[in-house]
Amino acid sequence: MIGAASAALVATAVAPVASAAQFSDVKGNTHEAAITALVEAGVISGYPDGTFQPNKTLTRSDVVKMMGKWLVSLDYKIPADYKTNPRFKDLTSKSNDELLQYAALVKDNGVFNGYADGTLGAGLDITRENMAIVLVRAYDAIHKTDLVSLVKETEFNKDVTDIATAKTEARTYIDVLDYFDITNPAAPQFNPKNTTTRGQFASFLYKTSNVEVAEDAEVKSVAGINATQVEVTFNKAVDAKTLFADGKSGEFKENVVTLSSIDKVPAGALTGELSIDGKTLTITAKNILSKRYDVVIEGLKTTDGEEIAKFDKIVTIADDKTAPSVVKTDKVTASTFKVTFSEPIKSLGTVSYKLADGTVVANSAKGISNNFKAGNKEVTFTLGSDIAANQAVIATFIGTQDQVGNLISPNPTTVTFQKGDKDGVKPAVTSVTQTGAKTFAIKFTEELLQAPTVKIGGEAASTVEKDANDATVYNVTSASILDDAKTVEISAFVDLSGEAGETVTKVVTFVKDTHAPKVSSSAVVTDETNGKEYLEITFDKNVELSSAPTVDGVGSYVKDYVTTAVVAKDLKATAIDYKNTSNKKVVRVELDTFLGTTFDVEGAVYSLDLTFANVTNEFGVAANTAKVTFTRGKDITPVIDAIVEVESVEQDQQDNNKVIVTFDKAVDGASAINVANYQIDGAVVESVKLNPVSEGKQVAVLTLKQDSNTFTGTRNINIANVKALGSTKVMEPFFTNTVSLTENVAPTVTSAKLVGTNQVTLTFSEAVTTTEGTVDFELLIGGATVASKSEVTTPANASAVTTVTFTFKGNVTTEDINNGLSLKAKETLSVKDAAGNKLSVPANITIVRN
């Protein structure tokens with residue numbers, strides 16, 4: 001393993017506390033270089049008087065602190081219980097806090113174990129033999145090596161001549177220092193029992209940090225990190241050119257990374273990204289990952305050209321139950337902000353925007369827009385012209401979900417964007433480049449707030465879209481073929497700070513592509529949905545499939561060493577289609593249809609000359625014939641295990657306390673009314689009622705506990721363990737995260753005050769709406785109905801108010817007031833909040849004098 005800790009120190013060190021050049025007593029010292037490196041890394045420091053004191057004897061507590069700082073600089077964390085659980089018997093929770101922290105850290109990582117009696121001996125001097133033990137253990141802890149075992153197995157000329165005077169435990173550690181020339185070969189006496197100075201320790205630590213232990217390049221670990229991503233770590237930096245199709249990131253080269261499901265949970269297409277240091281690969285799968293995969297990684301090289309050992313192991317990926325969260329929000333420009341989530345996101349859910357004063361901001365180009373696509377981990381939000389410079393916008397995320405449907409935590413989550421001012425530099429067009437028969441790219445000097453307006457020969461472009469890889473480029477599609485000279489007008493473009501560019505008119509010469517498309521590769525792929533094998537054919541450029549595109553072929557196949565000819569009459573022209581319309585370079589043909597009955601032989605190796613019909617480049621030039629070789633496998637029949645399925649889940653339009661679940665067939669009553677089989681995040685299912693079977697389907701009505709659903713937005717909804725009527729098998733677990741539920745927190749009356757002999761003013765817990773002409777309440781006097789005075793009139797329609805004054809039919813008397821006045825809610829009560837929740841009146845409302 002090449003694990004030069006000095007490089008790690010430089011890369012991850014804490015901010016320097018001093019520069020060695022500032023020390024008055026270091027210049028010319030034999031340890032100057034080491035002191036300089038470690039001081040700048042923040043591992044050791046000087047004294048307030050400007051000295052380093054290189055000849056001062058080092059105590060054991062000094063070493064604990066220095067080694068602890070080294071580990072912290074390499075991202076090791078201080079144990080949370082360092083104060084409540086001191087690691088050494090002679091330390092208490094009242095001991096020096098810095099010493100307690102670093103003592104816990106070095107003890108937990110096996111760097112500094114203390115004396116046999118469990119004490120640290122903080123004030124005692126550290127001997128050179130104990131220093132050797134500490135240094136080697138620290139290196140092993142950081143780099144997961146075993147230097148003692150390595151040196152034991154190695155023959156070398158030992159320079160140290162007094163090793164016999166060291167305690168037995170320390171001798172192999174001193175050998176390690178000797179082997180790597182950390183000791184001074186010119187001074188054969190190591191003096192194990194002597195003390196160590198600050199300068200000497202600096203040199204020992206610096207030399208140790210630069211030790212390199214040779215190790216073969218290999219995969220260190222493979223682990224799932226969320227529902228669609230796997231993290232692979234290497235012990236050496238990987239050459240991206242050996243890993244990715246484009247040599248940078250994204251699509252892998254053929255057969256270098258594969259995840260084969262053992263439990264029929266296919267990963268789908270894979271893409272990847274390397275860390276900056278080249279040692280961590282994040283693999284992203286198209287599908288949700290679960291259970292066991294045969295992970296194969298091969299054919300890779302390090303940045304130094306060394307071959308990385310093939311990795312082939314079974315890796316189990318647990319179901320992802322971790323909620324996503326917002327990790328950070330970065331201001332990219334004056335008007336754009338990048339929100340980074342903890343993992344790829346399937347749905348943003350509902351995102352609303354408000355200014356600090358509560359004003360709602362529209363989700364639009366002039367308000368706020370974003371570039372979210374399913375699977376993104378980072379989303380850029382752009383503040384439009386409706387938002388003034390220096391205004392702050394609060395964005396609220398409700399129902400944001402990761403790839404497996406876990407809701408964001410907390411839900412809702414809020415972030416704040418504050419728009420900057422214009423930068424004083426106008427955006428400009430730098431180039432217009434043809435990219436296809438109907439397409440070209442426009443590059444600008446900087447990123448734009450929104451897509452520009454583009455005309456070709458006076459006609460508006462069909463589409464103008466930002467490039468996925470370069471935010472300063474917009475890809476333009478014309479309604480017609482681009483050939484010969486055309487006038488291109490580009491206008492209405494504004495940069496992210498709000499500066500508007502000047503309209504540009506260019507005469508662009510477009511060239512027709514006269515070269516026929518060529519087949520660059522082919523492969524047999526099993527479709528995950530129908531289990532059939534397809535021959536996927538990849539061309540060197542985008543192809544157009546006009547009416548009834550087909551492929552035909554002649555050649556031969558070999559099975560059991562016997563070659564069989566395939567002539568023109570044996571196969572027929574078979575329909576082909578794009579594998580995915582977003583990638584027009586790849587087409588495919590279903591093999592069982594193409595090969596027919598007679599010539600479809602499992603395990604045979606085919607060599608065919610393919611001819612295409614109605615397959616052209618974008619300018620209409622027909623595709624060339626192509627030679628392909630492939631091996632026919634076997635189509636499979638997908639297994640369908642579900643018995644009863646959920647067709648839909650929706651909230652009752654008239655009652656926010658009801659959720660309607662529709663099953664595709666009659667269900668077993670006992671399992672269907674079990675509230676434990678229904679889980680709705682953010683709400684409590686109180687009961688379930690089954691409706692009669694209708695047209696072969698059955699509906700379960702879930703009643704939510706009143707006031708348990710506290711916000712409006714999408715939820716995780718899980719339904720499981722329900723059986724079909726008469727069946728012993730339970731359903732496949734059902735999950736949805738696309739249903740939005742309206743909150744069911746009912747408004748209440750907080751006060752009822754008599755404001756006149758015939759009027760009462762009710763104050764509500766939230767804004768409500770009333771309906772004129774309805775009978776909402778009845779007046780009770782002394783707890784009883786008085787016919788001549790019981791009628792209460794609801795005022796004209798009131799909307800979004802927290803107080804409403806109601807009128808009695810007659811005036812109340814002093815005697816009535818003394819007997820007690822109250823309101824009883826009627827069956828026709830119509831007072832509701834903005835979400836449609838009816839006023840909750842669990843008991844009669846007592847009226848008090850104003």
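Residues numbered from 1 in each chain as written. Predicted model: local features only at pLDDT ≥ 70, side-chain atom pairs only at ≥ 80, totals over all residues. Heavy atoms only, no water.

**Focus on the sheet that holds strand β36 (residues 658-663)**
- Taken in spatial order, the 4 strands line up as β35-β36-β39-β38 in an open sheet, and their pairing is antiparallel. Whereas interior strands pair on both sides, the edge strands pair on one side only; in this sheet they are β35 (646-651) and β38 (685-690). Taken pair by pair, the neighbouring strands of this sheet meet at an average axis angle of 20 degrees, ignoring direction.
- Looking at chain direction, β36 and strand β39 (residues 698-704) are connected through 6 bridges and run antiparallel. Bridge pairing links V661 to A700 in β39. (Pairing = 2+ DSSP bridges. Helix = DSSP H or I, 4+ residues; strand = E, 2+ residues; numbered from the N terminus. Axes fitted to C-alpha atoms, helices over the stretch in contact; angles between N-to-C directions.)

**Regarding the packing of helix α5 (residues 128-143) against helix α8 (residues 198-209)**
- It is at 10 Å that the axes of α5 and α8 come closest, and there the two elements cross at 30 degrees. The angle between α5 and α8 falls in the class roughly parallel. The two elements α5 and α8 cross, and the hand of that crossing is right-handed. Note on element contacts: α8 touches α5 through Q200, F201, F204, L205 and T208, opposite R128, M131, L135 and Y139.
- Grouping the constituent residues of the contact of α5 with α8 by class yields 6 nonpolar, 2 polar and 1 charged. (Parallel < 35°, antiparallel > 145°, perpendicular 65-115°, else oblique. Left-handed = near helix turned anticlockwise from the far one by under 90°. Contact = heavy atoms within 4.5 Å. Nonpolar A, V, L, I, M, F, W, Y, C, P; charged D, E, K, R; others polar.)

**A closer look at the nonpolar core**
- With 62 residues, the main nonpolar core has M67, F112 and F201 as its most contacted residues.
- Secondary-structure elements contributing two or more residues to this core are α2 (32-40), α3 (60-73), α4 (97-108), α5, α6 (147-152), α7 (168-179) and α8.
- Top contributing element to this core by residue count: α5, with 10 residues.
- In this view, M67 contacts V106, V111, V134, L135, A138, F201 and L205; residues no more than four positions away in its chain are not counted.
- With 29 residues, the next largest nonpolar core counts A217, A267, A285 and I317 among its residues. (Core = buried A, V, L, I, M, F, W, Y, C linked by side-chain atoms within 4.5 Å. Buried < 20%, exposed > 50% of the residue type's maximum accessible area, 1.4 Å probe, protein only.)

**Observations concerning the environment of G756**
- Residue position: G756 is located in strand β44 (residues 749-756).
- When the C-alpha atoms of G756 and N850 are compared, they prove to be 8.7 Å apart, with 94 residues separating the residues in sequence.

**What to know about the pattern of salt bridges**
- For the structure shown, the criterion picks out 31 salt bridges.
- Here E378 makes a salt bridge to K338, at a shortest N to O gap of 3.9 Å. Of the two residues, E378 sits in strand β14 (residues 376-383) while K338 sits in strand β10 (residues 336-347), which places them 40 residues apart along the sequence.
- Via salt bridges that share partners, E533, D600, R632 and D635 belong to a single interconnected network. (Salt bridge = Lys/Arg side-chain N within 4 Å of Asp/Glu carboxyl O.)

**As for unusual backbone geometry**
- Of note, the amide linkage connecting S409 to P410 takes the cis form, showing an omega dihedral of -5 degrees.
- Checked against the element boundaries, P410 lands in the loop between β16 (401-402) and β17 (413-418).
- Backbone torsion omega between N411 and P412 reads 10 degrees, so that peptide bond is classified as cis.
- Tracing the backbone shows P412 in the loop between β16 and β17.
- The backbone of E695 shows a phi angle near 55 degrees, a positive value even though the residue is not glycine.
- Residue E695 is classed as exposed on the basis of its relative accessible area of 81%.
- Residues other than glycine seldom take positive phi values, yet A800 does so here, at roughly 55 degrees.
- Along the chain, A800 turns up in the loop between β48 (792-793) and β49 (801-808).
- Among the residues examined, A800 registers a relative accessible area of 56% and is labelled exposed.

**Focus: α7**
- With 12 residues, α7 ought to run about 16 Å at 1.5 Å a step, and its terminal C-alpha atoms sit 18 Å apart, in line with that.
- Taken together, the buried residues of α7 touch α5, α6 and α8.
- Residue D181 follows α7 closely and has a positive phi angle near 55 degrees. (Expected span 1.5 Å × (residues − 1).)

**Some details on the confidence of the model for the chain**
- When pLDDT is averaged along the chain, the result is 89, and 97% of the positions lie at 70 or above.
- Across residues 1-19 the pLDDT falls below 50, and counting only partners more than four positions away or on other chains, this stretch makes 45 contacts in the model. (pLDDT = per-residue confidence, 0-100.)

**A closer look at the packing of aromatic side chains**
- As enumerated under the stated definition, the model contains 18 aromatic pairs in all.
- Seen from their ring centres, Y606 and F630 are 5.1 Å apart, and the 10 degrees between their planes marks the pair as stacked. Taken together, the residues span a long stretch of sequence, with Y606 in strand β33 (residues 605-616) and F630 in strand β34 (residues 626-631) at a distance of 24 residues. Neither residue differs from the other here; Y606 and F630 are each classed as buried.
- Residues F777 and F806 carry aromatic rings whose centres are separated by 5.3 Å and whose planes lie at 90 degrees to one another, so their mutual orientation is edge-to-face. Of this pair, F777 sits in strand β46 (residues 777-781) while F806 sits in strand β49, and the two are 29 residues apart along the sequence.
- Relative accessible area serves as the criterion here: at 1%, F777 is assigned to the buried category.
- Through pairs of rings, three or more aromatic residues link up here, namely F337, F341, Y353, F381, F397 and F417.
- Residue placement shows R60 over the ring face of Y115; its charged tip is 3.9 Å from the ring centre.
- Over the ring of F52 we find R198, and its NZ or CZ is 4.3 Å from the ring centre. (Phe/Tyr/Trp six-rings, centres within 6.5 Å; stacked < 30°, edge-to-face > 60°. Lys NZ or Arg CZ within 6 Å of the ring centre and 35° of its normal.)

**Section: the packing of α3 against α8**
- Orientation of α3 relative to α8, taken along the N-to-C sense of each, is 30 degrees, at an axis distance of 12 Å. Comparing their axes, α8 and α3 come out roughly parallel. Our pair here, α3 against α8, has a crossing hand that is right-handed. Seen from α3, the contacting residues are V63, M66, M67 and W70; seen from α8, they are R198, F201, L205 and S209.

**Remarks on the pairing of strand β52 (residues 845-849)**
- Across 2 bridges, β44 lies against β52 in parallel orientation. Bridge pairing links K753 to V848 in β52.
- As judged from the 3 bridges shared by strand β50 (residues 821-825) and β52, these two strands associate in the antiparallel manner. Bridging from a neighbouring strand, L821 pairs with I847 of β52.

**So, the sheet that holds strand β41 (residues 717-719)**
- Ordered in space as β37-β41-β42, the 3 strands form an open sheet in which the pairing is antiparallel. Edge positions in the sheet fall to β37 (678-680) and β42 (734-736), since each of these pairs with one other strand and no more. In this sheet, adjacent strand axes meet at a mean angle of 10 degrees when their direction is disregarded.
- Both β41 and β42 contribute to a ladder of 3 bridges, which runs antiparallel. Each bridged residue has a counterpart across the sheet, and for I719 the counterpart in β42 is F734.

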